[in-house]
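In case you want the letters, here they are:
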Amino acid sequence: MKALRKLVADEARLSLEDVAPASLPPGHVRVAVAACGVCGTDLHIRDGGYASSTPVTLGHEVGGTVDELGAGVEGSWLGAQVALETFYSVCGTCDFCRDGRPNLCRQRKSIGSGVDGGFAESVVVPASNLHLLPQGLDPRFGALCEPLACVCQSLLDPARVQSGDRVLITGPGAMGLLAGQVAASLGGAVTLAGTPSDTERLSVGTSLGMTAALSSELGGEFDVVIDCSGAGPAMALGLEMLRPGGRYVQIGQTDRAVSVRLALLSFKELELSGGFASTPRSWRRAITLLEDGAVRFEPIVTEIAPLDEWERVFARTESADGVKFLLAPTQGLSA
Ligand SMILES: [Zn+2]
Ligand SMILES: [Zn+2]
């Protein structure tokens, strides 16, 4: 089968390769990939800013159908439409694992970086990592469950937004549009801010009930700022826009150092927090938000493209042209 892979650790390039489907260990399942989301992390993995074990198939945001069961897996999973937790394995014995924080395990291996991921016709994962998709959800959109679970990890445990809070989201990409919906589900009044090049992304936010604004024209104060851009100027602005006693949450990622006025934490007694990846608990919450209709995926998806158009789709993701792109590995293949 075709798979989008990074072959050499210190070469910033990916290629579409022919690979044999992986074997199926006990307790694991094979999932036919309906679609896999292209994410900023994939660009970091390509460029070497995010560690990977090469050669490896990328793709960690997977929606699909279980089509083969390893020994010992409950038979009812066969044919189920699912999303997959990102972890392939954790050590299970370190302090973080024992404290229910497997996302922080130093031995953690994730699909799409540590082991082969979802930019391929199928992916093999532990059955314990499966989550059933809500009835009626197109399994391709199941790919958005992973970024939603990451947003839930940062915003819900504990709740970073209280009912009535004025919430500013900086960075109107897919993470910002998901974070805005989660913040609204907690009762926040959400303003989504971006730059003049974000017009299309901001209009998606408006269609989801958020107030859209240009960062340069923001006024007033906010109770909570959630940065989903990972861009230094937005992070600096966010700290400035918080009221005294406000809360700042970092979701956007960057591998560069940025310049912000951290003394504002002291002057304004700000709270600062972040979240890394996801836990089984944040996944359950993500699925519940979807089932309740509190979060919608379709408006966020700009295009679902066949796997062999990955270069074009990666380029559009890199230049922030559109919002979220999914690659559908079996789309366009003859049966
Ligand atoms: Zn991702
Ligand atoms: Zn561990």
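Here the structure is a predicted model, which is why all the values come from computation and not from measurement.

Some details on the coordination of the zinc ion (ligand 2)
Those protein atoms acting as donors to the zinc ion (ligand 2) are Cys91 (SG), Cys94 (SG), Cys97 (SG) and Cys105 (SG), and they sit at 2.3 Å. If you look at the zinc ion (ligand 2), its 4 donor atoms make angles of 105 to 117° with each other, and the shape they trace is tetrahedral. Counting along the primary sequence, the residues that act as donors to the zinc ion (ligand 2) give the motif C-x2-C-x2-C-x7-C. Taken together, the residues Cys91 in the loop between strand E7 (87-89) and helix H2 (95-98) and Cys105 in the loop between H2 and strand E8 (109-110) connect sequence positions 14 residues apart.

Thoughts on the side chain of Asn103
Within the secondary structure, Asn103 is located in the loop between H2 and E8. The buried category is assigned to Asn103, whose relative accessible area is 4%. In terms of polar contacts, Asn103 uses its side chain to reach the backbone carbonyl oxygen of Phe276, at 2.8 Å. Residues within four places of Asn103 in sequence aside, it is in contact with Phe87, Arg108, Gln153, Phe276, Ala277, Ser278 and Thr279.

Considering the coordination of the zinc ion (ligand 1)
At 2.1 to 2.3 Å from the zinc ion (ligand 1) lie its protein donor atoms, namely Cys39 (SG), His60 (NE2) and Glu61 (OE). Within one chain, the residues serving as donors to the zinc ion (ligand 1) are arranged as C-x20-H-E. For His60, a relative accessible area of 7% corresponds to the buried category.

Some remarks on helix H8 (residues 280-291)
Taking 1.5 Å of rise per residue, 12 residues should cover 16 Å, and H8 covers 17 Å from first to last C-alpha, within 8% of that figure. Every buried residue of H8 is accounted for by Ser282, Trp283, Ala286, Ile287, Leu289 and Leu290. Across the axial projection of H8, the buried residues extend over an arc of 160°, all falling on one side. In this structure, H8 carries Arg284 and Glu291 as exposed residues pointing more than 90 degrees from its buried face. The inward-facing, buried residues of H8 contact strand E6 (81-84), strand E10 (130-132), helix H3 (145-155) and helix H4 (174-185). Immediately beyond the C-terminal end of H8, within one or two residues, lies Gly293, with a positive phi of roughly 75°.

Some thoughts on the nonpolar core
Grouped together as the largest cluster of nonpolar side chains are 47 residues, with contacts concentrated most on Leu148, Ile226 and Phe297. Aside from chain neighbours lying at most four places away, what touches Ile226 is Leu155, Val161, Val167, Leu168, Ile169, Thr170, Ala179, Ala183, Val249 and Ile251. Core analysis: the second largest hydrophobic core is formed by 31 residues, Val38, Leu43, Ile45 and Val56 among them.

Brief notes about the packing of aromatic side chains
Each aromatic ring pair is specified by the distance between its two centres and by the angle formed by the two planes. All told, the structure shown has 2 aromatic pairs when counted by the stated rule. Their ring planes at 65° and their centres at 6.1 Å tell us that Phe119 and Phe314 sit as a pair that is edge-to-face. With a gap of 195 residues between them, Phe119 in the loop between E8 and strand E9 (122-126) and Phe314 in helix H9 (residues 310-318) connect regions that are remote in the sequence. Here the aromatic rings of Trp310 and Phe314 are separated by 5.7 Å at their centres, their planes lie at 85°, and the arrangement is edge-to-face. Pair noted here: Trp310 and Phe314 are both in helix H9, with a separation of 4 residues, about one helical turn. The exposure class assigned to Phe314 is buried, which follows from its relative accessible area of 2%. Site record: aromatic cluster; members linked through ring pairs are Phe119, Trp310 and Phe314.

The rules behind the values
Residues numbered from 1 in each chain as written. Chains lettered and ligands numbered in written order. Predicted model: local features only at pLDDT ≥ 70, side-chain atom pairs only at ≥ 80, totals over all residues. Heavy atoms only, no water. Donors = N, O, S within 2.8 Å, 3.2 Å for Na, K, Ca; no water. Tetrahedral: all angles 85-135°; square planar, octahedral: opposite > 155°, others 65-115°. Helix = DSSP H or I, 4+ residues; strand = E, 2+ residues; numbered from the N terminus. Buried < 20%, exposed > 50% of the residue type's maximum accessible area, 1.4 Å probe, protein only. Polar contact = N/O pair within 3.5 Å; in protein donor to acceptor, adjacent residues only side chain to side chain. Contact = heavy atoms within 4.5 Å. Expected span 1.5 Å × (residues − 1). Arc of directions from axis to C-beta. Core = buried A, V, L, I, M, F, W, Y, C linked by side-chain atoms within 4.5 Å. Phe/Tyr/Trp six-rings, centres within 6.5 Å; stacked < 30°, edge-to-face > 60°.

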